[in-house]
Each structure stands twice: as C-alpha cells, then as structure tokens.
Amino acid sequence: MNSPQKSVKIYLAPMEGVVDWVTRDMYSRIGGFDQMVTEFIRVTDRVVVDEVLYRYMPELKTGGRTLTGTVVLAQFLGGQPQPLADSAARAVELGALGIDLNFGCPAKTVNRHDGGATLLKFPDRIENIVATVRKNVPAHVPVSAKIRLGFDDPKMCLINAQAAEAGGAHRLTVHCRTKTDMYKPPAYWEWIPQIKEKVKIPVVANGEIWSYKDYAKCALITGCDQFMLGRGAMADPFLASRIKNKDESLPDWEIVKNWLPYFFDASADYVSPHFAQARSKQWLRQLSLTFGEAYPWLLSFFNEVKVITDPNLFKEKIAVFKN
Ligand SMILES: Cc1cc2nc3c(=O)[nH]c(=O)nc-3n(C[C@H](O)[C@H](O)[C@H](O)COP(=O)(O)O)c2cc1C
C-alpha cells in the first residue's frame, strides 16, 4: 500500500434525499472523508426553528460531528440574507462547527422561491448573503460556499467566486457545470484554474469524479488538492479512501456488499423499515451499475427486489450480502 496523501482533502457532497444522517454516519465509518454536509435547510423569510435544525442535523447532539468524528457542516439555501444568517447563527449555537451556503441547487421549486442556482445570476446577492452570514456567526466558524459555473453562462463562475470571497467565504466548492447543464457529463474542470487565478481562498473541485482515474485527471487539470465526491461516492463507497491511499485498484464488491444490510438496519432504526427499504433500493441501484459488469446477476437481483413492498422480505433478501 502507498503512503496516504495527507495533503489531499476529500469532502462528501451534499445530496438532498441521499446524504442524510445515516449515510453520513456510514460513510464516516467507511472512511476517507474529511468533511460532510447536511442536506439543504431551506430558509425563507424567518429563522429556522430548532426542531428543523435537529431533524436535518442530528449531529448537533454530538458536537457537530458524526458518531465517528467527521465534521459536518450545516448547509443552508435561500435568498434572504438576514433569515439565513440568523438560522446559521442558531445552528452554530446548537453545535454546528461550520456553515455551507448552497448557490447551486437546480430544483425548479427552489429557484422559483429565490434560492440555489438562480442566485448565480446575481453576484452582488451572493456577496451580500455570504457577508451577512459571515458577520452573524463567530469569527472562528468557517463559512463555505458552493456554486455551479453559472446559471447558463459558465463565465459567471469567475465573478461569483470573487463575490463569495469578498463576502468572506473561507472556501469555495465549484460544481463544474452550469445550472442549464443540470447533471449532464462532462464536468468542465478546466474552469477551475481560471477561478484560482481570481481568488485566494481554497477551491474544491466537484463533478464527475467516479474513479481513481477521474480523480487523477481532475487533479491534473485543476491543480486542486481538495475534492468533493457526490454520485461517485454512492457508486463506490471506498473511492475516497482509495484516492487517499493512492490505490488505483477497482472497487471491490466483496467489501462493499456487507454495508447494504448494515445500511438497511441503520436506516430502519433511525426512520422506519419502509424508509430503509426505499433508501436501500436507491443505493442498490447505484451499486448494481458499478458492479453489474463484473457481477451480471446483481442487475437481475436488483430487478427482483426493486418491486418488493414488504420491508421484512426485502431485508431477508439482502441478508445474502452478509459475509
Ligand atoms: C440527488 C442529488 C441531490 C443533491 N443535493 C444537493 C444539495 O442539497 N446541495 C448542493 O449544494 N448540491 C446538491 N447536489 C449536487 C452535488 O452536491 C454535486 O455538486 C453534484 O452531484 C456533482 O458532483 P458528482 O458528479 O460527484 O455527483 C445534489 C446532487 C444530487 C445527485
């Protein structure tokens, strides 16, 4: 095994409806991630109540970290600076160790209600939001921002990156696509060196890193030493640790498969067996795409279990994955 790349930082991407408390906890146990983010907490015209903050971020009860110690940032989304800042400050009072601001969400409902990627058209608003949040939380608490390249114009990334820095963001994550691109490959990593010429804060490269090879190419093109993994981490839960260990081997189903029954049980304990079944199917689908070529039976297994409606039966079926 190669010596670990201590200088490389890897973050688990925020993913609404995917990266919840259970997933963060499990990925923290699996290892390789330096930080994680909650699902987005939407803020409209008033401060978010504690109950909602605790629901999105149960880690508030464990010092702002997962049970195995990974720092989790509270992620906020909205267009009104003061309610965002007040909500962020409250999250910090309750135990959040950092705040992340989402300027990239493409969802229609979110954008219609003034938040997410629509703000990429208004750099001054990005600066104002970051600055207001920055001012409202103690100076030692990091406030990061996450952008896409633009709403429909990728050049906007240069101005928006400067806006986030001027507002006081300590770090900027760039999902290297516009909102109009949605999730269509490729990710345009080549914008990152241009962004890095414009700002001094650390820039995190995000988008389309599915394998060690992708990571190596992204590192070469961007010159970054900080990366965020989203769908690639769901498809290959050990990708972050293999990147850290400079291990170019392919994902290993024999190791990954054990985590499915664990994930089901943890999700069932945390929410409900039906929830666990839905989330496990979602993850199994992603895994069957990764491993289906090497294990073609996995695709038929997924097709068989995806129609099961009884969580007990589903649990029995996936028990075959336990070593
Ligand atoms: C299901 C899903 C939900 C997402 N939710 C969020 C979110 O809440 N906040 C955010 O900033 N980005 C969100 N994203 C975008 C990801 O954080 C990430 O930027 C994007 O998936 C690109 O990275 P990837 O190619 O590694 O997946 C989401 C993406 C997906 C697929």
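Residues numbered from 1 in each chain as written. Predicted model: local features only at pLDDT ≥ 70, side-chain atom pairs only at ≥ 80, totals over all residues. Heavy atoms only, no water.

## Things to note about the overall build of the protein
Moving on, step 1. What the protein contains, in helices and strands, is 15 helices and nine strands.
Moving on, step 2. Taking 2.2 N^0.38 as the reference for a compact globule, 323 residues should give roughly 20 Å; the C-alpha atoms of the protein span a radius of gyration of 19 Å, in line with that estimate.
Moving on, step 3. Expressed as lengths along the three principal axes of its C-alpha atoms, the size of the protein is roughly 55 × 45 × 35 Å.
Moving on, step 4. Out of the 323 residues belonging to the protein, those deemed buried represent 57%.
Moving on, step 5. Taking the intrachain contacts of the protein between residues at least 6 apart in sequence as the baseline, contacts between residues at least 24 apart amount to 71%.
Moving on, step 6. Accessible surface for the protein amounts to roughly 14,100 Å². Of this, 54% is attributable to carbon and sulfur atoms.
Moving on, step 7. Computed over 40 positive and 35 negative side-chain charges, the inter-centroid distance for the protein is 2 Å. (Helix = DSSP H or I, 4+ residues; strand = E, 2+ residues; numbered from the N terminus. Rg over C-alpha atoms; globule rule 2.2 N^0.38 Å. Buried < 20%, exposed > 50% of the residue type's maximum accessible area, 1.4 Å probe, protein only. Contact = heavy atoms within 4.5 Å. Areas by Shrake-Rupley, 256 points an atom, 1.4 Å probe, with all protein chains shown as cover. Lys, Arg positive; Asp, Glu negative; His and termini not counted. Charge placed at Lys NZ, Arg CZ, Asp CG, Glu CD.)

## Some points on the nonpolar core
Moving on, step 1. Core analysis: the biggest nonpolar cluster contains 100 residues, and Phe76, Ile99 and Phe103 have the highest contact counts within it.
Moving on, step 2. Element by element, the count of residues in this core is highest for helix H3 (residues 81-94), at seven residues.
Moving on, step 3. Discounting residues that sit within four places of it in the chain, Phe76 has contacts with Ile41, Val43, Leu53, Leu84, Ser87, Ala88, Ala91, Ile99, Asp100, Leu101 and Asn102. (Core = buried A, V, L, I, M, F, W, Y, C linked by side-chain atoms within 4.5 Å.)

## Details of the pattern of salt bridges
Moving on, step 1. In the structure shown here, the tally under the stated rule is 15 salt bridges.
Moving on, step 2. Of the charged contacts, one joins Asp50 and Arg90 as a salt bridge, the two residues approaching to 2.6 Å between their closest N and O atoms. Within this pair, whereas Asp50 is found in helix H2 (residues 50-56), its partner Arg90 is found in helix H3, the two being separated by 40 residues in sequence.
Moving on, step 3. With relative accessibility at 27%, the residue Asp50 sits in the partly exposed group.
Moving on, step 4. Note on Arg90: relative accessible area 26%, which makes it partly exposed.
Moving on, step 5. Here the residues in one salt-bridge network are Asp50, Arg90 and Glu93, joined through shared partners. (Salt bridge = Lys/Arg side-chain N within 4 Å of Asp/Glu carboxyl O.)

## Some points on the state of the cysteines
Moving on, step 1. Overall, the coordinates contain zero disulfides when judged by the stated rule.
Moving on, step 2. The structure places no disulfide on Cys176, whose sulfur is separated from the nearest cysteine sulfur, that of Cys218, by 6.7 Å.
Moving on, step 3. Using a relative accessible area of 0% as the deciding quantity, one classes Cys176 as buried.
Moving on, step 4. For the unlinked cysteine Cys218, the closest cysteine sulfur is that of Cys224, found at 6.5 Å.
Moving on, step 5. Exposure remark for Cys218: the relative accessible area of 0% places this residue in the buried category. (Disulfide = S-S within 2.5 Å.)

## A look at the environment of Ser267
Moving on, step 1. Locating Ser267 in the fold gives a position in helix H12 (residues 259-270).
Moving on, step 2. As for Ser267 and Trp21, which are separated by 246 residues in sequence, their C-alpha atoms are 9.0 Å apart.
Moving on, step 3. Sequence-distant contacts of Ser267, that is, excluding residues within four places in its chain, are made with Val22, Ser272, Phe275 and Ala276.

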